[in-house]
Amino acid sequence: MEENRKIRLGISIGDLNGIGCEVALKTFEDSRMLDFCTPIIFASNKTVSFQMKQLNLSIVFNGIPEASKAIDNKINIVNVWKEMPRIDFGQATNEGGEYAIKSLRAAVDALKKGDIDVLVTAPINKNNIQSEEFKFPGHTDFLAQELEGESLMFMVTDSLKVGLLTDHVAVKDVSAAIIPRLIRDKINTIEKSLMMDFGIRKPKIALLGINPHSGDNGVIGKEDDEVMKPVIKEMSNMGHLVYGPYSADSFFGSDGYKKFDAILAAYHDQGLIPFKTISFGQGVNFTAGLSKVRTSPDHGTAYEIAGKGVADASSFKEAVFMALKIFKNRTEYEELTKDVLKKQRLKRER
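Residues numbered from 1 in each chain as written. Predicted model: local features only at pLDDT ≥ 70, side-chain atom pairs only at ≥ 80, totals over all residues. Heavy atoms only, no water.

Participant: Looking at this structure, I do not really get the overall build of the protein chain. What am I missing?
Facilitator: Helix and strand counts for the protein chain come out as 10 helices and 12 strands. For 350 residues, the compact-globule formula gives about 20 Å, and the C-alpha radius of gyration of the protein chain, at 21 Å, lands near that figure. Referenced to the eigenvectors of the C-alpha coordinate spread, the extents of the protein chain come out at roughly 60 × 60 × 40 Å. Residue burial in the protein chain is summarised as follows: out of 350 residues, 51% are buried. Once local pairs closer than 6 in sequence are excluded, the contacts in the protein chain between residues at least 24 apart make up 74%. When the accessible surface of the protein chain is split by element, carbon and sulfur atoms take 48% of a total near 16500 Å². For the protein chain, the centre of its 46 positive side-chain charges and the centre of its 47 negative side-chain charges are spaced 5 Å apart. (Helix = DSSP H or I, 4+ residues; strand = E, 2+ residues; numbered from the N terminus. Rg over C-alpha atoms; globule rule 2.2 N^0.38 Å. Buried < 20%, exposed > 50% of the residue type's maximum accessible area, 1.4 Å probe, protein only. Contact = heavy atoms within 4.5 Å. Areas by Shrake-Rupley, 256 points an atom, 1.4 Å probe, with all protein chains shown as cover. Lys, Arg positive; Asp, Glu negative; His and termini not counted. Charge placed at Lys NZ, Arg CZ, Asp CG, Glu CD.)

Participant: Got a minute to help me understand the nonpolar core in this structure?
Facilitator: Nonpolar side chains in soluble globular proteins tend to be buried together. With 70 residues, the main nonpolar core has Leu9, Phe28, Phe154, Ile183, Phe198, Leu207 and Val320 as its most contacted residues. At 8 residues, the largest contribution of residues to this core is made by helix α10 (residues 314-349). Excluding anything up to four places from it in sequence, phenylalanine 154 contacts Lys161, Val162, Gly163, Ile190, Ser193, Leu194, Phe198, Ala262, Val284, Asn285, Phe286 and Ala288. Formed by 23 residues, the second largest nonpolar core is a distinct cluster that contains Ala67, Leu143, Leu147 and Leu290. (Core = buried A, V, L, I, M, F, W, Y, C linked by side-chain atoms within 4.5 Å.)

Participant: What is the right way to look at the sheet that holds strand β10 (residues 262-265) in this model?
Facilitator: Each strand in a sheet pairs with another by means of backbone hydrogen bonds, the pair being arranged parallel or else antiparallel. Across the sheet, 12 strands lie side by side as β3-β4-β2-β1-β5-β12-β11-β6-β7-β10-β8-β9; this open sheet has mixed pairing. In this open sheet, the two strands that pair with only one neighbour each are β3 (61-64) and β9 (241-246). Mean inter-strand twist for the sheet, computed between neighbouring axes without regard to direction, equals 25°. Sheet analysis places strand β6 (residues 149-156) next to strand β11 (residues 284-290), joined by 6 bridges and oriented antiparallel. The residue of β11 that forms the bridge with methionine 155 is asparagine 285. Contacts from helix α3 (residues 94-113) reach β1 (8-12), β2 (38-43) and β5 (118-121), with the element oriented near 165° to β5. (Pairing = 2+ DSSP bridges. Axes fitted to C-alpha atoms, helices over the stretch in contact; angles between N-to-C directions.)

Participant: How should the packing of aromatic side chains be read in this particular structure?
Facilitator: Centre distance and the angle of the planes are the two values used to describe a pair of aromatic rings. Enumeration according to the criterion identifies 13 aromatic pairs in this entry. Plain terms: the ring middles of phenylalanine 198 and phenylalanine 286 are 6.1 Å apart, the flat faces sit at 75° to each other, and that makes the pair edge-to-face. Of this pair, phenylalanine 198 sits in the loop between α6 (180-196) and β8 (204-208) while phenylalanine 286 sits in strand β11, and the two are 88 residues apart along the sequence. Residue classification places phenylalanine 286 among the buried positions, given a relative accessible area of 0%. Pairing tyrosine 246 with phenylalanine 251 gives two aromatic rings, centres 5.4 Å apart and planes at 40°, and the pair type is tilted. (Phe/Tyr/Trp six-rings, centres within 6.5 Å; stacked < 30°, edge-to-face > 60°.)

Participant: Help me out: how do you make sense of the pattern of salt bridges in this one?
Facilitator: For side chains of opposite charge, pairing can occur when their charged atoms come near one another. For the structure on display, the rule yields 15 salt bridges. The residue arginine 32 makes a salt bridge to aspartate 30 at a minimum N-O spacing of 2.9 Å. Of the charged contacts, one joins lysine 113 and aspartate 115 as a salt bridge, the two residues approaching to 3.8 Å between their closest N and O atoms. When salt bridges with common partners are traced through the structure, they connect Glu83, Glu98 and Lys102 into a single cluster. (Salt bridge = Lys/Arg side-chain N within 4 Å of Asp/Glu carboxyl O.)

Participant: Would you mind going over the pairing of β8 with me for this structure?
Facilitator: Where a strand is regular, its side chains alternate between the two sheet faces. Burial analysis of β8 places 4 of its 5 residues in the buried class, the great majority of the element. Bridge count between β8 and β9: 4 bridges; the pairing is parallel. Bridge pairing in β9 links alanine 206 to tyrosine 243. By the bridge criterion, 3 bridges tie β8 to β10 in an arrangement that is parallel. Along β10, the bridge assignment pairs isoleucine 205 with alanine 262.

Participant: Which parts of the structure should I look at to understand α3?
Facilitator: In an α-helix, one full turn covers 3.6 residues, which means residues spaced three or four apart are oriented alike. An ideal rise of 1.5 Å per residue puts 28 Å on 20 residues; α3 measures up with 29 Å between its terminal C-alpha atoms. Regarding α3, the residues found buried are Gly96, Gly97, Tyr99, Ala100, Ile101, Ser103, Leu104, Ala107, Val108, Ala110 and Leu111. On its buried side, α3 packs onto β1, β2, β5 and α4 (139-146). Glycine 114 sits one or two positions beyond α3 and adopts a positive phi of about 90°. (Expected span 1.5 Å × (residues − 1).)

Participant: Looking at this structure, how should I read the packing of α3 against α4?
Facilitator: Working note: a packed helix pair is described by the angle between its axes plus the distance between those axes. Where α3 meets α4, the closest approach of the two axes is 12 Å, and the angle between their N-to-C directions is 35°. Crossing handedness for the pair α3 and α4: right-handed. Where α3 approaches α4, its residues Leu104, Arg105, Val108 and Lys112 are matched on the opposing element by His139, Phe142, Leu143 and Glu146. For the contact of α3 with α4, the residue count by class is 4 nonpolar, 1 polar and 3 charged. (Left-handed = near helix turned anticlockwise from the far one by under 90°. Nonpolar A, V, L, I, M, F, W, Y, C, P; charged D, E, K, R; others polar.)

Participant: Even after reading the chapter, I still don't get helix α7 (residues 223-237), so can you show me in this structure?
Facilitator: End to end, α7 covers 21 Å across 15 residues, agreeing with the expected 21 Å (1.5 Å per residue, within 8%). Within the span of α7, buried status applies to Asp224, Val227, Met228, Val231, Ile232 and Met235. Buried residues in α7 make contact with α6, β8 and β9. Glycine 239, located one to two residues past α7, shows a positive phi value of around 105°.

Shown next, in the form of structure tokens:
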């Protein structure tokens, strides 16, 4: 990245009928936010102007043909499309899904080219995004294909971090999906992210059991004893600070989570229900393990309040700050490890 250039923060606009555009614009309505980064929204001048009028927002922006033309200290809009798509606030339409994916693809292309440094994604509808060209259950799986690395859905705040062994998987398929290799891969990914993205030198990680009471020694299922425990023991013997499996029903209520740097939940609701209960509005969805930084607010399209101008931008703003923090931490980590490797090489050469 050019020295003294602000971090370029790309924003995919999400479902045009939801609150994505609203929370993004409200975040940067406060001009002080421009001190931290240069925002680049992937949509169109016409679309953003329409949203501003409907939401009674007054924001000055700079229209550009591509992200590389962004200007610091301004809100930049990349004109991904020229036409004016139909916007029906609160409605799940095919058109809403189509333009959400146009914005996402343009933003990811810019991220891969280095025209933006980090990406914050506004919420999409997992149903209306489906098409012949886009067959992914959500952002995470698409980004895992487009960007290098092993993706991990990681819900984070400064004080609580919850990763998922399985994310958008039906409950009936969870136990079959959790195999030793998956557990090892997710532990390695979450551990590396805690070190590289959050500056934790020796992360301590808790795993939650698959079954109620972690199977009660095989009385309520054998997966915890036969699949999870051997992997935890194996990785612990290798020096990883991993513990469990813990019974999920009492883990958060007893404040057990405060003893660990991160928790790895077996499936989506097991991890996200306590996370959102504790941190709703402050939480951030971070896709760990990829070559680039992507964050998202911890809420959905919120059709029920879309277009009314009442959406709370707190979580989106947290997603912006978290993306910037992780980018800086990762850059610093890469510099430090680069110096270590260089010193080791020079030492060998002597």
